[in-house]
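Notes for the structure review
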Amino acid sequence: MTTDKHAKRAARDLAAREGISYTAARRRLAAGLVDQEHREPRPPVAVMTTSSPCPEGCDGSGHPGTACWAWRPADATNGARWEVRRAAELPGGRADQVMRRHEEARENASTRWARFHAWETKWLLALVYAMLTDQRPELLPDRARLRAAVEEDDLAAVDALMEPLDRAAARLMTKVPAVWWGEVKPRIDAYADAVESDDRELSTWQEVGARHVVGRLVDQWRRTWEPTVRNASGVLQAPGVLWLAVKGWLDALLVDRHGGHAPGARVRFGDGRPAVVYAVEWGEDGPPVAYRVRELEPGRHGNVGRLVPSLTSDVLVPAADTGPLDD
């Protein structure tokens, strides 16, 4: 076993023992704050769990001395489809399904390379979901209603319950560089700092598992901004993440539910000028309130006569001032 594998195993053991995140455990070990050789060994404790998920609101009185088993989407037993169970699983399952619905809907030879990068970016949406639900617990769906929707194999109902969270993520994420670097990235950095410094005593194994998931997402975030990173294919690449993709996935998902112009749609300003939708702006509920568009202009360099987006144009237009472009 290599030294790195030893360090990872020690960090996992420390995180499970202390109830802290995996990333925080790695940092404590690296700083020499834990003396593994002289630490008083703690005997393992075996705790039984219930044989099936507990009903909502279970207080443990029905099975004293036994750990409750909170229901998870993966526990659906009546043949619910895999995509329905994943769409109800936060944070990673939901992020994966939102990405898949958008990327697989536009499958063609020209987008395969873009899809490859999108698959490597979905963890960022999972991290955003984790941050928002930690900071705003009211965005979490009602567990009883979510369980009923999954058991009924109703993807539309799951999406409806998840919409407050999806909408909050769509309002946070952006395609504007100044907003990303000036507001969104610093906010995620602050959340990562909070997760790494969180040394609360966790009371249930579900909380420990959830903190491990978030800790790994934070660890991925940190590694992404290292001066030199190696992607999933082992290739060295510049630091950063394809943060624009997340906004496109969320916009497409919400437009599909509420109507409006999805990213890539061609529209006209109120004065008749053509443009293409770049991103969608959302309110607290309902259809889009505005669009971020790029004006269309005659092409050059071999595509003269075609209308192409001007990459230097980025205009925010109220939804009422845009209409479809009749080709």
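Up top you'll find the structure we're talking about.
Quick caveat, the model's predicted, so the values are computed rather than measured.

For the structure on display, the rule yields 6 aromatic pairs. Geometrically, the ring pair formed by Trp180 and Trp243 is stacked, given 5.0 Å between the ring centres and 5° between the ring planes. Of the two residues, Trp180 is situated in helix α9 (residues 177-196) and Trp243 in the loop between β2 (236-237) and α11 (244-258); the sequence distance between them amounts to 63 residues. The exposure class assigned to Trp243 is buried, which follows from its relative accessible area of 8%. Geometrically, the ring pair formed by Trp221 and Trp225 is edge-to-face, given 5.4 Å between the ring centres and 70° between the ring planes. Residue class for Trp221 comes out buried when judged on its relative accessible area of 0%. Of the aromatic side chains, those joined through ring pairs into one cluster are Trp123, Trp180, Trp181, Trp221, Trp225 and Trp243. Over the ring of Trp225 we find Lys185, and its NZ or CZ is 4.6 Å from the ring centre.

Relative to the helices and strands, Lys175 resides in the loop between α8 (155-172) and α9. An unpaired buried charge is present at Lys175: no salt bridge exists, and Asp251, the closest side chain of opposite charge, is 5.7 Å distant. Engagement of the side chain of Lys175 in a polar contact is seen with the backbone oxygen of Tyr278, the distance being 3.0 Å.

Scanning all chains against the criterion turns up 22 salt bridges. Here Arg27 and Glu196 are joined by a salt bridge, their closest N and O atoms 3.2 Å apart. Here Arg27, found in helix α2 (residues 22-30), pairs with Glu196, found in helix α9; they are 169 residues apart in sequence, far enough to count as distant. Take Glu196: its relative accessible area is 13%, and that puts it in the buried class.

So, about the pairing of strand β4 (residues 274-281). A large share of β4 lies buried, amounting to 7 of its 8 residues. Two elements, strand β3 (residues 266-269) and β4, share 3 bridges in a ladder whose sense is antiparallel. Across the sheet, residue Val267 finds its bridge partner in β4, namely Ala275. Pairing geometry for β4 and strand β5 (residues 290-298), over 6 bridges, is antiparallel. Of the residues in β5, the one forming a bridge with Val276 is Arg294.

So, about α9. Given a rise of 1.5 Å per residue, 20 residues ought to cover 28 Å, and the 27 Å separating the end C-alpha atoms of α9 matches this to within 8%. Within α9 the residues assigned to the buried category are Trp180, Val184, Lys185, Ile188, Asp189, Tyr191, Ala192, Val195 and Glu196.

Here the focus is the packing of helix α6 (residues 122-135) against α11. Running from N to C, α6 and α11 cross one another at 70°; their axes reach a closest spacing of 9 Å. Taken together, α6 and α11 sit at an angle that is classed as roughly perpendicular. Side by side, α6 and α11 meet where Lys122, Leu124, Leu125 and Tyr129 of the first sit next to Val246, Trp249 and Leu250 of the second. Grouping the constituent residues of the contact of α6 with α11 by class yields 6 nonpolar, no polar and 1 charged.

Basis of the calculations
All chains use their own residue numbering, which begins from 1 and follows the written sequence. Only residues with pLDDT of at least 70 are given local features in this predicted model, and only at 80 or more are side-chain atom pairs given and counted; all residues enter the totals for whole chains, interfaces and linings. As a rule here, side-chain values come from all non-hydrogen atoms in the structure, and water together with hydrogens is ignored. Pairs were defined over the aromatic rings of Phe, Tyr and Trp, the Trp ring being its six-membered one, requiring ring centres within 6.5 Å. Orientation was assigned from the angle between planes: stacked under 30 degrees, edge-to-face over 60, tilted for the rest. Strands here are runs of E lasting at least two residues and helices are runs of H or I lasting at least four, both read from the DSSP assignment and numbered beginning at the N terminus. Burial classes follow relative accessibility: with a 1.4 Å probe on protein chains only, a residue under 20% of its type's maximum area counts as buried, one over 50% as exposed, and anything between as partly exposed. Cation placement over rings: the criterion is NZ of Lys or CZ of Arg within 6 Å of the ring centroid and within 35° of the ring normal. This count recognises Lys and Arg as positive and Asp and Glu as negative, with His and chain-terminal groups excluded. Think of a salt bridge as a Lys or Arg side-chain nitrogen and an Asp or Glu carboxyl oxygen that are within 4 Å of each other. Nitrogen and oxygen atoms within 3.5 Å of one another constitute a polar contact, given that in protein one can donate a hydrogen and the other can accept it, and given that sequence-neighbouring residues count only through two side-chain atoms. Two strands are said to pair when DSSP picks up at least two bridges between them. For a helix, the expected span equals 1.5 Å multiplied by the residue count minus one. Angles here are taken between N-to-C directions and fall from 0 to 180 degrees, while the axes themselves are lines fitted to C-alpha atoms, restricted in helices to the stretch in contact. What sets the label is the angle itself: under 35 degrees gives roughly parallel, over 145 gives roughly antiparallel, 65 to 115 gives roughly perpendicular, and the rest give oblique. Residue contacts are counted whenever heavy atoms from the two residues lie within 4.5 Å of one another. Just so you know the grouping, Ala, Val, Leu, Ile, Met, Phe, Trp, Tyr, Cys and Pro go in nonpolar, Asp, Glu, Lys and Arg go in charged, and all remaining residues, Gly too, go in polar.

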